[in-house]
Amino acid sequence: MRSLKVMVAGSSPEIIWIMISESEIPLTDPIYEIINSEIDLIKWKTNFLFLYQDWLNKDNPQVYDINNLVNKMRIDAIVKCNNKISSDKLYYWFDVDRSKKHDFIWKIVQ
């Protein structure tokens, strides 16, 4: 089973990466068709990049809000895809604003 993260990385057209090797999954991989059946990837990526640019240019923190509609759409699509497939497991790649919390360490809270 592949563990895959869904994230936008610069101008790369790929948005799915193998977690262990950090290598891109090519756009021809069937996983893109599965995800695209749940969310319009081009529209989602455009909206995400708009949020990201808004953060870069105006310091708008919405890109880091897990409840923002753009982020929720991706999470909902990933959940639906994970319920459909057994050969891969998709994960949402989300981080904090490292410019404000450069030494932040993720911890599991139980």
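Shown above is the structure to which this text applies.
Treat the numbers as computed from the prediction; the structure is a model and nothing was measured. (Residues numbered from 1 in each chain as written. Predicted model: local features only at pLDDT ≥ 70, side-chain atom pairs only at ≥ 80, totals over all residues. Heavy atoms only, no water.)

A. Region of interest: helix α2 (residues 41-58). Along its 18 residues, α2 runs 25 Å from first to last C-alpha, staying within 8% of the 26 Å computed at 1.5 Å per residue. Among the residues of α2, Leu41, Trp44, Lys45, Phe48, Leu51, Asp54 and Trp55 are the ones counted as buried. Elements that come into contact with the buried residues of α2 comprise α1 (30-36) and α3 (69-84). Where α2 begins, the capping side chain belongs to Asp40, and its oxygen is found 3.2 Å from the backbone nitrogen of Ile42. Asp59 sits one or two residues past α2 and shows a positive phi near 60°. (Helix = DSSP H or I, 4+ residues; strand = E, 2+ residues; numbered from the N terminus. Expected span 1.5 Å × (residues − 1). Buried < 20%, exposed > 50% of the residue type's maximum accessible area, 1.4 Å probe, protein only. Contact = heavy atoms within 4.5 Å. Polar contact = N/O pair within 3.5 Å; in protein donor to acceptor, adjacent residues only side chain to side chain.)

B. Up close: the packing of α2 against α3. Relative orientation of the contacting elements α2 and α3 amounts to 145°, with a least axis distance of 9 Å. Every pair of crossing elements has a handedness; the one defined by α2 and α3 is left-handed. Judged by residue contacts, Trp44, Asn47, Phe48 and Leu51 of α2 engage Val70, Asn71 and Arg74 from α3. (Axes fitted to C-alpha atoms, helices over the stretch in contact; angles between N-to-C directions. Left-handed = near helix turned anticlockwise from the far one by under 90°.)

C. Molecular detail of the side chain of Asp88. Along the chain, Asp88 falls in strand β3 (residues 88-92). The exposure class of Asp88 is buried, given its relative accessible area of 6%. Side chain to side chain, Asp88 and Arg2 meet in a polar contact 2.6 Å long. Discounting chain neighbours no more than four positions away, the residues touching Asp88 are Met1, Arg2, Leu4, Ile31 and Asn82.

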